[in-house]
There are 2 protein chains.
Amino acid sequence: MQISSMPLGYNHPAMLKALADPVNQKIIANRPALGVFPGKDWPDKLRKILLHKEIAPPGLSHITTMMCGSCSNENAFKTIFIWYAEKQRGDAPFTREEMESCMMNQTPGTPRFSILSFKGAFHGRTLGSLSTTHSKYIHKIDIPGFDWPTASFPVYKYPLDENIRENQQEDNRCLAEVEELFEKYKTEKKIPVAGVIVEPIQAEGGDNHASPEFFQELQRITKKVLHDAALLIDEVQTGGGPTGKMWCHEHFNLESPPDVVTFSKKMQLGGYYHVKSLKPKQSYRIFNTWMGDPSKMILLEAILETIRKENLLHRVTTVGDYMLKQLTSLQNEFSTMINSIRGRGTFIAFNCSSPELRDTIIKKLLSKGIQTGGCGTATIRLRPALTFTEHHANIFLDTLRSILKQ
Amino acid sequence: MQISSMPLGYNHPAMLKALADPVNQKIIANRPALGVFPGKDWPDKLRKILLHKEIAPPGLSHITTMMCGSCSNENAFKTIFIWYAEKQRGDAPFTREEMESCMMNQTPGTPRFSILSFKGAFHGRTLGSLSTTHSKYIHKIDIPGFDWPTASFPVYKYPLDENIRENQQEDNRCLAEVEELFEKYKTEKKIPVAGVIVEPIQAEGGDNHASPEFFQELQRITKKVLHDAALLIDEVQTGGGPTGKMWCHEHFNLESPPDVVTFSKKMQLGGYYHVKSLKPKQSYRIFNTWMGDPSKMILLEAILETIRKENLLHRVTTVGDYMLKQLTSLQNEFSTMINSIRGRGTFIAFNCSSPELRDTIIKKLLSKGIQTGGCGTATIRLRPALTFTEHHANIFLDTLRSILKQ
């Protein structure tokens, strides 16, 4: 599914119908610079499509559109930095020194703030977002980056219900590291943490899950008065329905909404939702030529209507539960070869006993017409479209079983 | 023209025809991840459209597609950093220390390299590209950045033919600063310059021009053995025809092709051309989910065919020359109000005697149905589509004259 970016598979009639409409063809040909010359109906489209109460993450009332995941994270970082600086400045205006020094990338106008991220994370590859990416060295080597803090992300033992205490200890170890890094970067390094970025499931890094309690406590640490930083949940790969909810963090029962949620991939265009308090006071601080793309909104509207009409989030949940159950019995049958089945909805992964076995299985599946993906060191991840059914699941499961038998 | 991003104006029949084609509608609906699953005909499209001998900048044989100008510059920087590090590494493999340290954003894996840019430059707003942008403080204040060198860009006296010696001295002053910064960042700061980024005309910064000799000498300094850096010409706003050539730097008679040329805006998709030696040896170093967008290539193909068929580059040159001549006589008539007429093709600007007068003229033009743009401190810039004719020019010139008279 094109690196998890196609929500409805190929040639979906609802998408083709939208593109056959001559009015939409004009919208595509006459692409506006949305930040200054949006079409008359653009605010209404934002309200009805992206800010619709069944679509927007609960509690997040503001939206900024972009074009891809990296740009969404970069601009979300900027929004967080601006908010963080404004809190320190209070109601005071910019000083002349700030206005002049920033033009030469020097303090105080160019401040030394940081974003805390996690080992194994993937948040993009432009220079800001790459500084928070830590999944593979080939993404990062030889590229300059910011000295920003990186905490451990939980590495769980599976099956979860047999390792409850160990996994709680793992949560606590990682959360203690987050606390230490907040302190170290504030006091020792003088690069205070303005925000924390985290994936609800680390995808590229190996489909690494963490418990709802981990995310609840991470939010508490981030928001506590001593730190007063923003929590950014990166839903570029998890957003748009594959976990059975529009947004994966809805599974976590957080005390309050995250401050920012970024998206792209299945949502067709990039962007981020955020709480009202993060809106910059001045214009043109978050801005670029296009600020998203109305042509992608045409597709997104058709996609979200289809999700609603065909009740696809329910289907994802049902089919996902079925898959997890069947994969668990496969794991019992072939326990020396596959383990650590995990997932939410159809966003499912399992580990192989070695990277070589993983690569062999992926290759054999492909020779039978089934495209899967590798991530982490020995993980196979499944990223079907939201239209994936039990029928499709059975084709996959039968094929996988025959390969494991061989 | 949507911040200079529409090459053929609104509702161009060639673009609407392309979008009415059901084959193209399927291409738009089934958007691939171009880095791993390109359509069968994608390499051919790259060759026939972007690498066509009348389109690609002379001497640049390689292309990487992206989605916007900021991402194009960010990835061009990465390409330059990778090339710069590889030269130092020779044929040696990555060391374990490099592979491990880069995962935590630490040297030696995350090196301290820099990109030299110019005061007044605009290269984008993501954290890497923003570190090379220096046009307005509101773009930069409160956002962390890299400590990278910033040299002066020539500020010319107009008319050029009456200020030849002063402007040559200005070129020399700026070029000497470039030399000093190369040295300072290498020896003193230990953040050596891997590449230089420059606009052929600083657009956002005030339509600041520099002489062909300035660019020729800048290239010599950048490439000399002592520095051995790469020259990146940012043609995001100047590319695609508005200066009467596909690429503005073709006006400069450089000794050899620039190492990288970035584009976006009128080209519909982003990306960069580069010389063969800058191609990374390993896969997945320059990569993201979409790597551009075939839907934009459909539009670009229609646009480039129209430019060729209707000989629009010739028209831009002719109409631009006419405009410059007429504006010069307006300047003679109203010399206390407007000055410093400058431009290539229809990429034209002039200064007003004050920012207030500039804003008043822009407002009055708008009330007569003419959209112009402000840039720099007191500059009005003209960014018509390539389809702009002498007839349109006369409407603008007559309206401007009547406003100046009032």
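Parameters at a glance
Residues numbered from 1 in each chain as written. Chains lettered and ligands numbered in written order. Predicted model: local features only at pLDDT ≥ 70, side-chain atom pairs only at ≥ 80, totals over all residues. Heavy atoms only, no water. Contact = heavy atoms within 4.5 Å. Buried area = accessible area lost by both parts, 1.4 Å probe. Salt bridge = Lys/Arg side-chain N within 4 Å of Asp/Glu carboxyl O. Polar contact = N/O pair within 3.5 Å; in protein donor to acceptor, adjacent residues only side chain to side chain. Helix = DSSP H or I, 4+ residues; strand = E, 2+ residues; numbered from the N terminus. Pairing = 2+ DSSP bridges. Axes fitted to C-alpha atoms, helices over the stretch in contact; angles between N-to-C directions. Expected span 1.5 Å × (residues − 1). Buried < 20%, exposed > 50% of the residue type's maximum accessible area, 1.4 Å probe, protein only. Least-squares fit on C-alpha atoms with pLDDT ≥ 70 in both. Domains from an automatic or database assignment. Nonpolar A, V, L, I, M, F, W, Y, C, P; charged D, E, K, R; others polar.

**What to know about the interface of chain B and chain A**
Step number 1: Taken together, the contacts link 82 residues of chain B with 82 residues of chain A.
Step number 2: For the pair chain B and chain A, the summed buried surface comes to about 7,400 Å²; carbon and sulfur atoms form 63% of the total.
Step number 3: Connecting chain B to chain A are six salt bridges.
Step number 4: The residue Asp293 of chain B makes a salt bridge to Lys296 of chain A at a minimum N-O spacing of 2.8 Å.
Step number 5: In this assembly, chain B and chain A are joined by 36 residue pairs in polar contact (both at pLDDT 80 or more).
Step number 6: Broken down by secondary-structure element, the contributors of at least two residues to the side of chain B that touches chain A are helix H1 (13-20), helix H2 (22-29), helix H4 (69-89), helix H5 (96-101), helix H6 (127-130) and helix H9 (294-309) of chain B.

**Structural notes on the sheet that holds strand S10 (residues 338-344) of chain B**
All names here are of chain B.
Step number 1: The strand order across the open sheet formed by four strands is S10-S11-S13-S12, and the pairing between neighbours is antiparallel. The sheet is open, and its two borders are formed by S10 and strand S12 (373-375), each paired with just one other strand. Across the sheet, the mean angle from the axis of one strand to that of its neighbour is 25 degrees, orientation sign disregarded.
Step number 2: Inspection of the sheet shows S10 paired to strand S11 (residues 347-352) by five bridges, in the antiparallel sense. Across the sheet, the residue bridging to Arg342 is Ala349, located in S11.

**Looking at helix H10 (residues 294-309) of chain A**
Step number 1: Taking 1.5 Å of rise per residue, 16 residues should cover 22 Å, and H10 of chain A covers 23 Å from first to last C-alpha, within 8% of that figure.
Step number 2: Most of H10 of chain A is tucked away: 12 of the 16 residues are buried.
Step number 3: Among the residues making up H10 of chain A, those that are buried are Pro294, Ser295, Lys296, Met297, Ile298, Leu299, Leu300, Ala302, Ile303, Leu304, Thr306 and Ile307 of chain A.
Step number 4: Contact partners of the buried residues in H10 of chain A: helix H1 (13-20), helix H2 (22-29), helix H3 (42-50) and helix H11 (312-333) of chain A together with H2 and H9 of chain B.
Step number 5: Where H10 of chain A begins, the capping side chain belongs to Asp293 of chain A, and its oxygen is found 2.9 Å from the backbone nitrogen of Ser295 of chain A.
Step number 6: Phi turns positive one or two residues past the end of H10 of chain A, at Asn311 of chain A, with a value near 50 degrees.

**What about unusual backbone geometry?**
Residues and elements named next belong to chain A.
Step number 1: That bond from Tyr158 to Pro159 is cis: its omega, -5 degrees, falls within 30 degrees of zero.
Step number 2: Mapped onto the elements of the fold, Pro159 is located in the loop between strand S3 (150-151) and helix H8 (164-188).
Step number 3: Of note, Lys190 is a non-glycine position whose phi angle comes to about 60 degrees, a positive value.
Step number 4: Along the polypeptide, Lys190 turns up in the loop between H8 and strand S4 (193-198).

**Quick word on the relation of the copies chain B and chain A**
Step number 1: Each copy superposes on the other: chain B lies on chain A with an RMSD of 0.0 Å after a rotation of 180 degrees and an axial shift of 0.0 Å. Between the two chains, the operation in question is that of a two-fold axis.
Step number 2: By residue overlap, the copies meet face to face through one surface: 100% of the interface positions of chain B are interface positions in chain A.

**Here we look at the pairing of strand S2 (residues 114-118) of chain B**
Across a regular strand the side chains alternate sides, sitting on one face of the sheet and then on the other.
Residue and element names in this part refer to chain B.
Step number 1: Burial within S2 is extensive, with five of its five residues counted as buried.
Step number 2: Burial along S2 is two-sided: Ser114, Leu116 and Phe118 facing one way and Ile115 and Ser117 facing the other are all buried.
Step number 3: Both S2 and strand S4 (residues 193-198) contribute to a ladder of three bridges, which runs parallel. Bridge pairing in S4 links Leu116 to Val196.
Step number 4: Bridge analysis of S2 against strand S3 (residues 150-151) gives two bridges, and the strand direction is parallel. Considered in S3, the bridge of Ser117 is made with Thr150.

**Digging into the pattern of salt bridges**
Step number 1: Scanning the entire structure with this criterion turns up 47 salt bridges over all chains.
Step number 2: Put simply, Asp142 of chain A and Arg285 of chain B hold a salt bridge, and the shortest N to O gap is 2.8 Å. Remark: Arg285 of chain B occurs in the loop between strand S9 (270-274) and H9 and Asp142 of chain A occurs in the loop between helix H7 (137-140) and S3; the pair is interchain, linking two chains.
Step number 3: We classify Arg285 of chain B as buried; its relative accessible area is 1%.
Step number 4: As a salt-bridge pair, Asp293 of chain B and Arg31 of chain B come within 3.7 Å of each other at their nearest N and O atoms. Here Arg31 of chain B lies in the loop between H2 and helix H3 (42-50) and Asp293 of chain B lies in the loop between S9 and H9, a separation of 262 residues in the sequence. Arg31 of chain B carries the same exposure label as Asp293 of chain B, and that label is buried.
Step number 5: In this structure, a network of salt bridges that share partners links the residues Glu86, Arg89, Glu98, Lys281 and Arg285 of chain A together with Asp142 of chain B.

**Digging into the domain arrangement of chain A**
All names here are of chain A.
Step number 1: Each assigned domain of chain A is listed here: domain 1 (13-308) and domain 2 (312-405).
Step number 2: Centre-to-centre, using C-alpha coordinates, domain 1 lies 29 Å away from domain 2.
Step number 3: Residue-level contacts link 24 residues of domain 1 with 20 residues of domain 2.
Step number 4: Overall, the association of domain 1 and domain 2 removes approximately 1,800 Å² of surface from exposure, summing both partners, and the carbon and sulfur fraction of that is 60%.
Step number 5: Considering only the surface of domain 1 that becomes buried against domain 2, Tyr158, Asp207 and Ile307 emerge as the three largest contributors, covering 28% of it.
Step number 6: Linking domain 1 with domain 2 are one salt bridge.
Step number 7: Across the pair Arg383 and Asp207 runs a salt bridge whose closest N-O atoms are separated by 2.4 Å.
Step number 8: For the interface between domain 1 and domain 2, the tally reads nine residue pairs in polar contact (both at pLDDT 80 or more).
Step number 9: Residues that form the side of domain 1 that touches domain 2 fall into these classes: nine nonpolar, 11 polar and four charged.

**Things to note about the sheet that holds strand S13 (residues 379-382) of chain A**
Residues and elements named next belong to chain A.
Step number 1: Ordered in space as S10-S11-S13-S12, the four strands form an open sheet in which the pairing is antiparallel. Single-partner strands in this sheet number two, and they are strand S10 (338-344) and strand S12 (373-375). On average, each strand axis in the sheet is tilted by 25 degrees relative to the strand beside it, whichever way the strands run.
Step number 2: Looking at chain direction, strand S11 (residues 347-352) and S13 are connected through four bridges and run antiparallel. Its bridge partner being in S13, Ile348 is matched across the sheet by Leu382.

**Considering the environment of Lys245 of chain A**
Residues and elements named next belong to chain A.
Step number 1: Within the secondary structure layout, Lys245 lies in the loop between strand S7 (230-234) and strand S8 (260-263).
Step number 2: Residue classification places Lys245 among the partly exposed positions, given a relative accessible area of 32%.
Step number 3: In sequence terms Lys245 and Arg344 are 99 residues apart; their C-alpha atoms lie 9.3 Å from each other.
Step number 4: Apart from residues lying up to four places away in sequence, Lys245 is in contact with Glu250, His251 and Leu313.

**With respect to the pairing of S8 of chain A**
All names here are of chain A.
Step number 1: Of the two faces of S8, the one holding Val260 and Thr262 and the one holding Val261 and Phe263 are both buried throughout.
Step number 2: Alignment of S7 against S8, held across three bridges, turns out to be parallel. Within S8, the position partnered with Ile233 by the bridge is Val261.
Step number 3: Of the strand pairs in this sheet, S8 and strand S9 (residues 270-274) are connected by four bridges, and their pairing is antiparallel. Bridging from a neighbouring strand, Thr262 pairs with Tyr272 of S9.
Step number 4: Between the antiparallel neighbours S8 and S9 lie six residues, among them Lys265 with a positive phi of about 45 degrees.

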